[in-house]
Amino acid sequence: MKSIYNSFINWCFKDKREFASGLDKYKLYWVFIVGAFLGVYYEQLENGLFALYYDGVFKWELRRGLIYEPLNPLYGFGALIFTYIFVNFKTDKLRTFIYGGILGDIIEYVISYLQETFTGTRSWDYSDKFLNINGRTTIPYMLVWGLFALFLVYVLYPYLSKILAKIPYNLGVLITRISFVILIIDCFLSFGAIIRLGLRHKGHEPFGFLGRFFDKYYPDDFIQKHYPNMRL
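A quick note: this is a predicted structure, and the numbers were derived from the prediction, not measured.

Quick notes on the overall build of the chain
And step 1. If you tally the helices and strands in the chain, you get 8 helices and 2 strands.
And step 2. Each helix and strand of the chain, ordered N terminal to C terminal, gives the series α-α-α-α-β-β-α-α-α-α.
And step 3. Considering only C-alpha atoms, the chain reaches an extent of 55 × 50 × 35 Å along its principal axes.
And step 4. Here the chain holds 232 residues, and 43% of them are scored as buried.
And step 5. Put simply, 69% of the contacts in the chain that link residues at least 6 apart link residues at least 24 apart.
And step 6. Of the roughly 13,800 Å² of accessible surface on the chain, 68% is carried by carbon and sulfur atoms.

Dropping the structure here:
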């Protein structure tokens, strides 16, 4: 057992290259993951504080975008795009804030549109909010996206880069690949279950093995439990 452990350690440090150097695919992947992770808890905290303000009770409600991992791809994509643009082109803080707000609203609008188009569901609806845009996003939320861009570029990204640089190259690549496979499986199950939910409510019978699989293991009550704010 000790020899296996020593061999593994030696393998981890065999490649002397820096892991996730610059804006390579590994760095951007972990930016996506961390952004998606933080986005979940931002939404859950925001939802809880709103419930406390309006109802007097703090409510901790699931707000994730995937079924099994605490990740929200909306924020992951936002973090990835912000990092690639604002770090790569070295914009100043004012432009990062302004462009981040605009880009964030565009990302939110597009993802909402794609979700409704391909699944027949909506995870958020701002129709009753001030200065909303087709209920998919709002002008005031530009401020939130702008602050998110500033936090990401000037606080989170430098800190994350330092942590990733300390990971041995081979170990980092291995962990990333395992994490990516798990992410793909979770995305397939999550998006497949949502698509089948929409088809089920339109009266479409399950098509083949996958349709029956999602009907059996991801029925309406399961989806409602994991996506309590989702509406058809």
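Back to the text.
Let's talk about unusual backbone geometry
And step 1. Positive phi, normally seen in glycine, also occurs at leucine 131, with a value near 55°.
And step 2. On the secondary structure map, leucine 131 appears in the loop between α4 (93-119) and β1 (132-133).
And step 3. A residue is classified by how much of its surface remains accessible, and leucine 131, at 44% relative accessible area, is partly exposed.
And step 4. Look at asparagine 134: it is not a glycine, yet its phi comes out positive at around 55°.
And step 5. Mapped onto the fold, asparagine 134 is located in the loop between β1 and β2 (137-138).
And step 6. With a relative accessible area of 53%, asparagine 134 lands in the exposed category.

Notes on the packing of aromatic side chains
The description of two aromatic rings rests on the distance between their centres and on the angle between their planes.
And step 1. Tallied over the entire structure, the rule returns 27 aromatic pairs.
And step 2. Relative to tyrosine 141, the ring of tyrosine 126 lies with its centre 5.1 Å away and its plane at 45°, an arrangement referred to as tilted. Within this pair, whereas tyrosine 126 is found in the loop between α4 and β1, its partner tyrosine 141 is found in helix α5 (residues 141-165), the two being separated by 15 residues in sequence. By the burial criterion, tyrosine 126 is buried, and tyrosine 141 matches it.
And step 3. Ring pairs connect the aromatic residues Phe188, Phe209, Phe213, Phe214, Tyr217, Tyr218 and Phe222, which therefore count as one cluster.
And step 4. The ring of tyrosine 169 carries the charged tip of arginine 17 above its face, separated from the ring centre by 4.1 Å.
And step 5. A cation sits over an aromatic face here: lysine 129 above phenylalanine 50, 6.0 Å from the ring centre.

Thoughts on the pattern of salt bridges
And step 1. Tallying each qualifying case throughout the model produces 9 salt bridges.
And step 2. Between aspartate 92 and arginine 95 there is a salt bridge; the shortest N-O distance is 3.9 Å.
And step 3. With a relative accessible area of 49%, arginine 95 lands in the partly exposed category.
And step 4. For glutamate 116, the salt bridge identified is with arginine 122, shortest N-O distance 3.7 Å.
And step 5. Classification of glutamate 116 by relative accessible area gives partly exposed; the value is 30%.
And step 6. For arginine 122, a relative accessible area of 17% translates into the label buried.
And step 7. One connected set of salt bridges, linked through shared partners, spans Arg196, Arg200, Asp215 and Asp220.

Some remarks on the packing of helix α3 (residues 73-87) against α4
And step 1. The interhelical angle for the contact between α3 and α4, taken along N-to-C directions, is 145°, at an axis separation of 10 Å. Crossing angle aside, the handedness with which α3 passes α4 is right-handed. Residues Leu74, Phe77, Gly78, Ile81, Phe82, Ile85 and Phe86 of α3 pack against Thr96, Tyr99, Gly100, Leu103, Gly104, Ile107, Glu108 and Ile111 of α4.
And step 2. Each residue belonging to the contact of α3 with α4 can be placed in one class, and the counts come to 10 nonpolar, 4 polar and 1 charged.

A look at the confidence of the model for the chain
And step 1. Looking at the chain as a whole, the pLDDT averages 91, with 100% of positions reaching at least 70.
And step 2. Across the chain, element-level confidence peaks in helix α6 (residues 169-201) with a mean pLDDT of 95 and bottoms out in helix α1 (residues 2-12) with 83.

Observations concerning α3
And step 1. With 15 residues, α3 extends 20 Å from end C-alpha to end C-alpha; this agrees with the ideal 21 Å at 1.5 Å per step.
And step 2. Restricting attention to buried positions, one finds in α3 the residues Pro73, Leu74, Tyr75, Gly76, Gly78, Ala79, Phe82, Thr83, Phe86 and Val87.

Focus: the environment of phenylalanine 180
And step 1. Relative to the assigned elements, phenylalanine 180 resides in helix α6.
And step 2. Each C-alpha atom of the pair phenylalanine 180 and threonine 137 lies 29 Å from the other, and the pair is 43 residues apart in sequence.

Criteria and thresholds
Residues numbered from 1 in each chain as written. Predicted model: local features only at pLDDT ≥ 70, side-chain atom pairs only at ≥ 80, totals over all residues. Heavy atoms only, no water. Helix = DSSP H or I, 4+ residues; strand = E, 2+ residues; numbered from the N terminus. Buried < 20%, exposed > 50% of the residue type's maximum accessible area, 1.4 Å probe, protein only. Contact = heavy atoms within 4.5 Å. Areas by Shrake-Rupley, 256 points an atom, 1.4 Å probe, with all protein chains shown as cover. Phe/Tyr/Trp six-rings, centres within 6.5 Å; stacked < 30°, edge-to-face > 60°. Lys NZ or Arg CZ within 6 Å of the ring centre and 35° of its normal. Salt bridge = Lys/Arg side-chain N within 4 Å of Asp/Glu carboxyl O. Axes fitted to C-alpha atoms, helices over the stretch in contact; angles between N-to-C directions. Left-handed = near helix turned anticlockwise from the far one by under 90°. Nonpolar A, V, L, I, M, F, W, Y, C, P; charged D, E, K, R; others polar. pLDDT = per-residue confidence, 0-100. Expected span 1.5 Å × (residues − 1).

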